[in-house]
Amino acid sequence: MTSQPLLKRLLTDPRVSKDPNRHWPAWINGEISPEWPLYTWVAVTNMFTAYGSDHKRLRTLVAKAFTARRTAALRPRIERMAADLLDRLDATPPGAVVDLREEYAYPIPIQVICELFGVEDESMREGLRRCVDSIFHTSADPEEVTATYSELYGLLRGLVALKRETPGDDMTSVLISARDEEDGRLGEQELVDTLLLMIGAGHETTVNLLDNAIHALLTHPEQLALVRDGKAGWDDVIEETLRVQAPVANLPLRYAVEDIELDGGVVLRKGDAIVAAYAAAGRDPGLYGDDGGRFDVMRATKEHLSFGHGVHFCLGAPLARLEAAVALPALFARFPEMSPAAAPDKLSPVESFISNGHRALPVRLRP
């Protein structure tokens, strides 16, 4: 299904829920085991799986981390991170190959989200990164799935214990305060699962955005020339990348609360599980014509659903756009002769039908 209007309709339809505990019979009946690669995506208790008033309550609490003022205040720190990474890359000998996903696209988002939520310990950051990578690894075997689940919750509960003992000026401490207030606005499991959502989704999507934007510009030099000539802006690059290469290709799961009739006589039956195909919607031929898969920064309409739509629209979207708006021009200004070190058909995608990026992005920073 590639229809963007239809996906928009489903994302805002009150007859579509994200709560498996109320609306997915297979989950309610215990048919889904912890070894299933998507288990964590369904089992969490946070605003990702919340429905109705529960979702509004949780979103209101987390929204404090992503106000326009707080996001804008992060710009100098992001600029410093980018500059430090570029200084390190500057030492690369001419002609040498660098993996820009690992050395540039990954460090900025993980540092930003960890600082926002007060994850200061480097070993904890590495552990969280490893676990989040595994969660997005949708072809993982049962042993990896269960091991990741156990390690991840151990790390997050450790973070909560640390912040309870020594609270700081970070969103983990703010969420703990909400948990410990007498009115109990945030349950203990909701607290841990909210941290999982924010730290996990808060960096993986931005990594893919940077990765895909860099790759698109290097493989479409005529588009990069438009930006350098001032005919298009970096915002055009960001939005076109989000449209044509959604950082999250498919997102599980939603559930039909009742029978829903779609166009063409198709019916979603009550209890059916639904996957939102954001990548397909970004290339909808009904909106973009036959060349919807072509990267074109001058395209008049760049509308996309890469950050979702409706009440579940991503709270971190302005932060992701800010990180890209800082990191991309800084990279291309520092290394104007940068070129791909592998043909596009030689690059391997990440092993996921959720996450949309490359396993590695090899480039030569200088000839």
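Above: the structure in question.
The present account deals with the structure reproduced in this document. Bear in mind the structure is a predicted one, so any value in this text is a computation, not a measurement. (Residues numbered from 1 in each chain as written. Predicted model: local features only at pLDDT ≥ 70, side-chain atom pairs only at ≥ 80, totals over all residues. Heavy atoms only, no water.)

## Observations regarding the pairing of strand β6 (residues 273-277)
Next, step 1: The alternating pattern of β6 places Ile274 and Ala276 on a buried face, while none of Ala273, Val275 and Ala277, on the opposite face, is buried.
Next, step 2: Bridge count for strand β3 (residues 250-256) against β6 is four bridges, and the pairing is antiparallel. Residue Asn250 lies in a different strand from β6, and its bridge partner there is Ala277. (Buried < 20%, exposed > 50% of the residue type's maximum accessible area, 1.4 Å probe, protein only. Helix = DSSP H or I, 4+ residues; strand = E, 2+ residues; numbered from the N terminus. Pairing = 2+ DSSP bridges.)

## Quick word on the packing of aromatic side chains
Next, step 1: According to the stated counting rule, one finds nine aromatic pairs in the structure shown.
Next, step 2: Plain terms: the ring middles of Trp27 and Tyr39 are 5.3 Å apart, the flat faces sit at 40° to each other, and that makes the pair tilted. Linking Trp27 in helix α3 (residues 25-28) with Tyr39 in helix α4 (residues 39-43), this pair joins segments that are twelve residues apart in sequence.
Next, step 3: Here the aromatic cluster, defined as three or more aromatic residues joined through ring pairs, consists of Trp27, Tyr39, Tyr149 and Tyr153.
Next, step 4: Directly above the aromatic system of Phe48 lies the positively charged group of Lys18, at a separation of 3.7 Å from the ring centroid. (Phe/Tyr/Trp six-rings, centres within 6.5 Å; stacked < 30°, edge-to-face > 60°. Lys NZ or Arg CZ within 6 Å of the ring centre and 35° of its normal.)

## Considering the sheet that holds β6
Next, step 1: The antiparallel open sheet is built from three strands, whose spatial order is β1-β3-β6. Looking at which strands have only one partner, the edges of the open sheet turn out to be β1 (16-17) and β6.

## Overview of the sheet that holds strand β8 (residues 362-364)
Next, step 1: Sheet architecture is open: three strands sit in the order β2-β8-β7, paired in antiparallel fashion. Because the sheet does not close on itself, it has two edges, and the strands there are β2 (97-99) and β7 (339-340).
Next, step 2: As paired elements, β7 and β8 share two bridges and run antiparallel to each other. Paired with Ser339 across the bridge in β8 is Arg364.

## As for the pattern of salt bridges
Charged atoms that come close allow side chains of opposite charge to pair.
Next, step 1: Applying the stated criterion across every chain yields a total of 27 salt bridges.
Next, step 2: Glu190 serves as the salt-bridge partner of Arg57, at 2.7 Å between the closest nitrogen and oxygen. Taken together, the residues span a long stretch of sequence, with Arg57 in helix α5 (residues 53-62) and Glu190 in helix α13 (residues 188-219) at a distance of 133 residues.
Next, step 3: On the accessibility criterion, Arg57 (26% relative accessible area) is partly exposed.
Next, step 4: The buried category is assigned to Glu190, whose relative accessible area is 12%.
Next, step 5: With a closest N to O distance of 3.0 Å, Arg164 and Glu188 form a salt bridge. Taken together, the residues span a long stretch of sequence, with Arg164 in helix α11 (residues 142-165) and Glu188 in helix α13 at a distance of 24 residues.
Next, step 6: When its relative accessible area of 35% is taken as the criterion, Arg164 is described as partly exposed.
Next, step 7: The exposure class of Glu188 is partly exposed, given its relative accessible area of 30%. (Salt bridge = Lys/Arg side-chain N within 4 Å of Asp/Glu carboxyl O.)

Function-wise, these values are silent; they only describe arrangement.
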